[in-house]
Each structure stands twice: as C-alpha cells, then as structure tokens.
Amino acid sequence: NVINRVAKSLKTLYRRAVIDGLIEYRQNPCFGIDIDKPESSNRRSLTAEEFKRLMALVESAPPSARIAAVRIGLVTGMRKGEVLGLTWRAVDLEAGKLSVNQQFTQDKSLKKPKSKAGNRILSIDENTVCYLVRWRKEQSLILEMRGIKQSLDTPVVNSENGEFQDPRAFSR
C-alpha cells in the first residue's frame with residue numbers, strides 16, 4: 001500500500017514536470033512503470049450478536065471520549081475520521097441529529113468530506129441522545145478542571161487537552 005502511494009506520487013510529480021516543460025516525456029523515469037493495485041481489504045460488518053455485545057459494553061461503561069466515539073460510530077455508521085471531527089456545534093441534541101461536515105485526518109487536520117454525499121445529517125436514537133447529554137456535562141467538568149472552557153467548537157471526542165483526538169492514538 002505504501003509502495004503504491006509513493007509510486008502514484010512520483011508519477012504525478014514527473015507528469016507535472018513534463019507538463020511544465022522541465023523534462024521531456026521520454027526522460028520521465030516513471031514512464032512505463034505499472035504497479036499493481038493492492039488487494040482490497042476484506043472488511044466485514046459486525047454480526048447482530050457482535051453488535052449487541054459491543055453495545056452492551058458501551059452502555060455499561062462510564063461516559064468518556066472513546067466510548068462516545070464508539071457509540072456514535074455504532075449507531076450512525078460514521079467513519080472514524082468523521083466521528084473524530086465532530087464538534088458540539090454539529091450535534092443537535094434536541095432534534096436528535098448529527099451533522100457530518102468535516103473529518104479529522106491522519107495528518108491531524110480538519111478536512112471537508114470527499115464528496116457532496118459526505119455532507120449529511122444523521123438521526124440518533126434517544127438512548128444515544130441521553131448518553132451525549134451526560135457525556136457533554138462530564139466533558140465540561142473534566143475540561144474545566146484542566147482550565148479549558150468547553151464551547152461549540154470543542155470536539156465531542158477530545159484528547160486530554162481538549163483538542164481533536166489523534167486518529168492513530170485512538171486506534172491504538
């Protein structure tokens with residue numbers, strides 16, 4: 001996968017050099033190099049039983065950023081980056097809705113969804129609304145003890161310093 005990304009970057013770079021007249025087409029060292037695409041990973045969804053077991057664990061755990069992330073992912077199907085990019089501004093607890101309009105990426109930056117379909121509004125169930133109400137209050141207290149004021153721009157899934165959670169740290 002890394003080799004494919006590097007090869008793609010090099011091909012793009014040298015193609016741009018040809019377009020800009022920096023090198024001639026025949027001088028492009030990437031000319032004629034074809035790298036096979038990596039095999040797609042065999043992702044699978046949770047079975048209904050696995051979902052029930054995981055949700056039971058989530059419901060029995062005390063409110064925390066990581067548990068909130070897992071719960072939101074379970075009930076909405078949002079991608080990890082979308083969940084990690086969620087701020088309280090995008091959460092309408094009265095209407096039971098979440099607005100997906102950004103994602104927090106591996107390079108620790110906020111980016112818009114890749115397509116128009118990525119911008120969407122999702123409904124959440126009443127139990128998740130209640131959980132998020134509890135988590136918001138708990139998060140506010142935790143952040144306040146650290147001298148941080150919670151705001152609408154505070155990530156729902158925050159790091160210890162109130163910032164967006166590092167996607168790699170979250171996965172670990």
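Just so we're clear, the structure is a prediction, and the values are computed from it rather than from any experiment.

Colleague: Would you mind going over the layout of surface pockets with me for this structure?
Modeller: Sizing a probe to match a water molecule and rolling it over the atoms shows the empty space that remains. By volume, the largest pocket amounts to about 350 Å³. Only helix H4 (80–84) and strand E3 (103–104) provide two or more residues apiece to the lining of the largest pocket. The biggest single contributor to the lining of the largest pocket is H4, with three residues. In the lining of the largest pocket, the residues fall into three nonpolar, six polar and five charged.

Colleague: Would you mind showing me how to read the sheet that holds strand E5 (residues 120–123) here?
Modeller: As a general point, the strands of a sheet are linked pairwise by backbone hydrogen bonds and lie either parallel or antiparallel. Strand order in the open sheet formed by three strands is E1-E2-E5, with antiparallel pairing between adjacent strands. At either end of the open sheet lies a strand with only one pairing partner, and these are strand E1 (91–92) and E5. Sheet analysis places E1 next to strand E2 (residues 97–100), joined by two bridges and oriented antiparallel. Among the inter-strand pairings, Val91 is bridged to a residue of E2, identified as Leu98.

Parameters and conventions
- Residues numbered from 1 in each chain as written.
- Predicted model: local features only at pLDDT ≥ 70, side-chain atom pairs only at ≥ 80, totals over all residues.
- Heavy atoms only, no water.
- 1 Å grid on protein atoms, 1.4 Å probe; cavity = no way out; pocket = protein on both sides within 12 Å on 5 of 7 lines; lining within 4 Å.
- Points joined across faces, edges and corners; volume = space filled by probe spheres on them.
- Helix = DSSP H or I, 4+ residues; strand = E, 2+ residues; numbered from the N terminus.
- Nonpolar A, V, L, I, M, F, W, Y, C, P; charged D, E, K, R; others polar.
- Pairing = 2+ DSSP bridges.

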